[in-house]
Amino acid sequence: MKFTINRAAFIKELNNVSRAISSKTTIPILTGLKIVASDAGLLLTGSNADISIETLIRADDPDIGLTIDDPGSIVLTARFFGEIVKRLPEKEMTVEVKDGFQTEITSGSAAFNINGQDANNYPHLPEIDAADSVVLSGAVFKELISQTVIAVSNQESRPILTGIHFSLKDNQFQAVATDSHRLSQRQIELPMPTDANFDVIIPGKSLTELSRMIGDDDADVKMQFSENQVLFLLGDTSFYSRLLEGNYPDTSRLIPKEASTTVEFEAPELLAAVERASLLSHESRNNVVKLTITPADHAVTIFSNSPDVGNVEEELAPKEIDGDDLEISFNPDYMKDALHSFGQATIRVAFTSALRPFTLVPTEDTSNFIQLITPVRTF
């Protein structure tokens, strides 16, 4: 195998595939990057226990500067190969596989010789039927991930909660995540009618990596499913992830249907106030911020206290306020994550009582996007 390529173009695709390569694996060959050179171009593959990424660098793309002199395949230790490629002196580089999988990497006057492995020993990627597939705008899917992955659990004691629950029924595509202290739910009506129906749980870590790969030029993301795998197609890149096994809890019953107190804020203004209050709450043992709401006076006060440092109190300026008086405490970090997900929107915060979960929704779309936070008992 021998090929020459523009180094910057190769590094861009190498960085994407490297997201799936781990130095800690029980299968030694998976610490490597698989490269297959053919008339179509270069196929790069990386894989670990959770995700696999495969991308095609097309030979007919004039910006890539790819020349295939000799088709073939090799597996190279990803960590060493990546560091070498990034430090080569010239714009172009040549990779040539010689006898015994010895691989020479040259650029300008620099020449490296590293040991490779037989690509035939690399595990095959799963085959996924295209029968059940969903196509979403890349920008919409990236936003959906960022809005829901914040509520994914980091506790492996309940593995099912470390994923986002995706379901599609009657053309309604829904994503839900909860760590039992908070919940995020986003619903989208698909632009194109589909007969597909599914109910799957995808690891939050997999979706975070996928989100980082969705660029501005990725017009669409296509999802396909098998029994225990999901495949995302982004242009010439295939992103595979395992699915989590088990039944996701019924989260619809957690969302209150009624509210005794509602307040509307500009999300950035409330976020800034919570960030100021959390400066002191982070110094206390319990990390709690208190909100006092008095609708009759159109007043909302945020308060935080640290016995070692001091306290902070701030009068907020709600746009609308209605209902009963309320005093409620919550974890400010959960609130900040939720408020970040709304961007510049106006939001409605709905409370039922001091000890019941409260919800946040954008005022222009109160049914398709909801954040829920469980308050903290302080007495």
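Bear in mind the structure is a predicted one, so any value in this text is a computation, not a measurement.

Reading the values: the criteria
Residues numbered from 1 in each chain as written. Predicted model: local features only at pLDDT ≥ 70, side-chain atom pairs only at ≥ 80, totals over all residues. Heavy atoms only, no water. Helix = DSSP H or I, 4+ residues; strand = E, 2+ residues; numbered from the N terminus. Buried < 20%, exposed > 50% of the residue type's maximum accessible area, 1.4 Å probe, protein only. Contact = heavy atoms within 4.5 Å. Domains from an automatic or database assignment. Buried area = accessible area lost by both parts, 1.4 Å probe. Salt bridge = Lys/Arg side-chain N within 4 Å of Asp/Glu carboxyl O. Polar contact = N/O pair within 3.5 Å; in protein donor to acceptor, adjacent residues only side chain to side chain. Axes fitted to C-alpha atoms, helices over the stretch in contact; angles between N-to-C directions. Parallel < 35°, antiparallel > 145°, perpendicular 65-115°, else oblique. Left-handed = near helix turned anticlockwise from the far one by under 90°. Nonpolar A, V, L, I, M, F, W, Y, C, P; charged D, E, K, R; others polar. Phe/Tyr/Trp six-rings, centres within 6.5 Å; stacked < 30°, edge-to-face > 60°. Pairing = 2+ DSSP bridges.

Peer 1: Mind showing me how you'd approach the environment of F369 here?
Peer 2: The topology assignment puts F369 in strand β26 (residues 369-373). In this structure F369 comes out as buried when scored by relative accessible area, which is 5%. Here the alpha-carbon distance between F369 and G138, two residues 231 residues apart in the chain, equals 18 Å. In contact with F369, not counting residues within four places along its chain, are Q147, S184, Q185, R186, S341, F342, L360, V361 and P362.

Peer 1: Explain the domain arrangement of the protein here, please?
Peer 2: Note: interface size is frequently given as the accessible area lost on complex formation between the parts. Each domain of the protein was delimited in the assignment, giving domain 1 (2-121), domain 2 (133-242) and domain 3 (261-373). If you look at the interface, domain 1 gives twelve residues, while domain 2 gives eleven residues. Overall, the association of domain 1 and domain 2 removes approximately 1,100 Å² of surface from exposure, summing both partners, and the carbon and sulfur fraction of that is 44%. On the domain 1 side of the contact with domain 2, R19, D50 and I51 bury the most area, a combined 43% of that side's loss. Linking domain 1 with domain 2 are three salt bridges. Between R242 and D50 there is a salt bridge; the shortest N-O distance is 2.4 Å. Taken together, domain 1 and domain 2 are joined by seven residue pairs in polar contact (both at pLDDT 80 or more). Put simply, the parts of the chain that give the side of domain 1 that touches domain 2 at least two residues each are α1 (7-18) and β4 (51-58). The leading source of residues in the side of domain 1 that touches domain 2 is β4, at seven residues.

Peer 1: I tried to follow the environment of L161 on my own but got confused; where do I start?
Peer 2: When you line up the elements, L161 lands in the loop between α3 (138-148) and β11 (163-169). Taking the C-alpha atoms as reference points, L161 and T261, separated by 100 residues in sequence, lie 30 Å from one another. Beyond its immediate chain neighbours, meaning those up to four positions away, L161 contacts V152, S153, T178, D179, Y248 and P249.

Peer 1: Help me out: how do you make sense of the packing of α3 against helix α4 (residues 204-213) in this one?
Peer 2: The axes of two packed helices give the description: the angle between them and the distance between them. Orientation of α3 relative to α4, taken along the N-to-C sense of each, is 140 degrees, at an axis distance of 10 Å. Our classification of the angle between α3 and α4 gives oblique. Here α3 runs over α4; the crossing is left-handed. Every residue of α4 that contacts α3 at F141, K142 and I145 is listed here: L207, L210 and S211. Broken down by class, the residue content of the contact of α3 with α4 amounts to four nonpolar, one polar and one charged.

Peer 1: Would you mind showing me how to read the packing of aromatic side chains here?
Peer 2: Between two aromatic rings, the relevant description is the distance of the centres plus the angle of the planes. Enumeration over the complete set of coordinates arrives at eleven aromatic pairs. Here the aromatic rings of F141 and F232 are separated by 5.6 Å at their centres, their planes lie at 40 degrees, and the arrangement is tilted. One end of the pair, F141, is in helix α3; the other, F232, is in strand β16 (residues 229-234), with 91 residues separating them in the sequence. When sorted by exposure, F141 lands in the same class as F232, which is buried.

Peer 1: Would you mind going over the sheet that holds strand β22 (residues 320-323) with me for this structure?
Peer 2: The strands making up a sheet are joined through hydrogen bonds of the backbone, oriented either antiparallel or parallel. Across the sheet, which stays open at both edges, the nine strands sit in the order β14-β11-β12-β13-β26-β25-β24-β18-β22 with antiparallel pairing between neighbours. Because the sheet does not close on itself, it has two edges, and the strands there are β14 (198-203) and β22. Taken pair by pair, the neighbouring strands of this sheet meet at an average axis angle of 15 degrees, ignoring direction. Here β11 runs beside strand β12 (residues 172-178); their pairing, made up of five bridges, is antiparallel. Residue pairing for β12: S167 is matched across the bridge by Q174. Strands in contact with α4 are β11 and β14; relative to β14, the strand with the most contacts, it is inclined by about 80 degrees. Strand contacts of helix α5 (residues 267-281): β18 (261-266) and β24 (346-351), with the helix running at about 95 degrees to β18, the strand carrying the most contacts.

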